[in-house]
Amino acid sequence: MTQLISYNNKAMLDALEAYAMAGYTLFPLKGKIPPKGFKWTESEFNPFPQPEDFPFGNFGVKLTEEDLVIDVDPRNFPDKDLFKRFVAEFPIDAQFSVTTGSGGLHIYLKKPATMAIKGRLKDWPGIDFKSKGGYVVGAFSLHPDTSKPYLPNKNCTFKAPMVSDKLLDALCQQAITLTPGIESYVKDKASIDRFAEYLEKAPIAIQGQGGDLPAKVPDEGPPQRVGVWVRTRPQPTSTPHSP
C-alpha cells in the first residue's frame, strides 16, 4: 500500500530543501521503487525541489561516486548486538542519519570519488554500503509495508561527514593485478575509442572455435574497475549446445 505524504508537512518541505542544499539529486518513488517507466538514473539535480515533483509522496536520493550510505537492516542480523560491534570496530560519525520505516538506519557519509567500494563485508550481514548506481529512500517518505515514516535522527545536520580511514580501507575494492608484461592500464576516452574501433574491424570470435578470447580494458568508472569488451557471434543454431 502506498500512502501519500501531506504536502503541508513542513518537516518534509524542510527536508527537501536540506537535501538540495547538500547537493543531492532527488526523484519520485512509488513506495520504495521508481514509478514504472521512470529512468531514475537519468534524474538531474534540481536546486529547488517541490512537493509536486513527487506525485506518490515518496522520493529517492540518487547517490554519486562521492556518496557512501551505510544501510543498516537489523532484520538480517544474526544477533541483536551486531551493529554495536560494528560501530566499536569502525567508529562512525552519524550526524546525518535517518531511521527507516522498517526500523533500520541510513547513515550518510562521503568518500573519495575515485575510490570504488564493496557493497558488503562478509563479517557484517545486514549492513550494506551504497554509492554511485544506487539510491536510498528520502527522509519523511513512508515505508510501503509499515506506513511508518523515514525520520531524520535528532540534531540531523543533512551534512555528510567523510568516512573514517579504517572503514574505507575495509571497503576498498582490491586493486587490479596487471597481466604480466603490461606496465599499466589506461582509461582515457581516446584509448577506449581506439580500442572500440579496433574491435569493429577485428575478426569475429565464434563460440567453440578457439577465437573467443576477451580483451580487458578499464571502463569509464573508477580505476579499480575493469570492463570486459568482447566481440562475438552466436554459435550456429544447427550445432548442438553444450551445457
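This one's a predicted model, so the numbers in the text were calculated from it and none came from an experiment.

Student: Go over the pattern of salt bridges, please, and point to the residues and values.
Tutor: When their charged atoms lie close together, side chains carrying opposite charge are able to pair. Scanning the entire structure with this criterion turns up eight salt bridges. Two residues, Glu89 and Lys166, come together in a salt bridge whose shortest N-O distance is 3.4 Å. Of this pair, Glu89 sits in helix 2 (residues 82-89) while Lys166 sits in helix 3 (residues 165-171); the two residues are 77 residues apart in sequence, bridging distant segments of the chain. Between Arg120 and Asp128 there is a salt bridge, with the nearest N and O atoms lying 3.0 Å from each other. The exposed category is assigned to Arg120, whose relative accessible area is 61%.

Student: Help me get a handle on unusual backbone geometry, residues and values and all.
Tutor: Of note in the backbone geometry, Ser147 takes a positive phi value of approximately 65 degrees without being a glycine. You can see Ser147 is positioned in the loop between strand 7 (135-137) and strand 8 (151-152). One non-glycine residue, Phe158, adopts positive backbone phi at about 60 degrees. Along the polypeptide, Phe158 turns up in the loop between strand 8 and helix 3. Using a relative accessible area of 12% as the deciding quantity, one classes Phe158 as buried.

Student: Please provide a residue-by-residue account of the pairing of strand 6 (residues 127-130), values included.
Tutor: Where burial is concerned, the two faces of strand 6 differ: the one with Ile127 and Phe129 is buried and the one with Asp128 and Lys130 is not. The sheet contact formed by strand 3 (residues 67-72) and strand 6 spans four bridges and is antiparallel. Bridge pairing links Ile70 to Phe129 in strand 6.

Student: Could you give an account of the sheet that holds strand 4 (residues 97-99), with specific residues and numbers?
Tutor: In space, the five strands of this open sheet follow the order 6-3-5-4-8, with antiparallel pairing throughout. In this open sheet, the two strands that pair with only one neighbour each are strand 6 and strand 8. Two elements, strand 4 and strand 8, share two bridges in a ladder whose sense is antiparallel. From the neighbouring strand, Val98 faces strand 8, where its bridge partner is Pro152. Together, strand 3, strand 5 (105-110) and strand 6 form the strand contacts of helix 2, whose direction differs from that of strand 6 by roughly 50 degrees.

Cut-offs used in this document
Residues numbered from 1 in each chain as written. Predicted model: local features only at pLDDT ≥ 70, side-chain atom pairs only at ≥ 80, totals over all residues. Heavy atoms only, no water. Salt bridge = Lys/Arg side-chain N within 4 Å of Asp/Glu carboxyl O. Helix = DSSP H or I, 4+ residues; strand = E, 2+ residues; numbered from the N terminus. Buried < 20%, exposed > 50% of the residue type's maximum accessible area, 1.4 Å probe, protein only. Pairing = 2+ DSSP bridges. Contact = heavy atoms within 4.5 Å. Axes fitted to C-alpha atoms, helices over the stretch in contact; angles between N-to-C directions.

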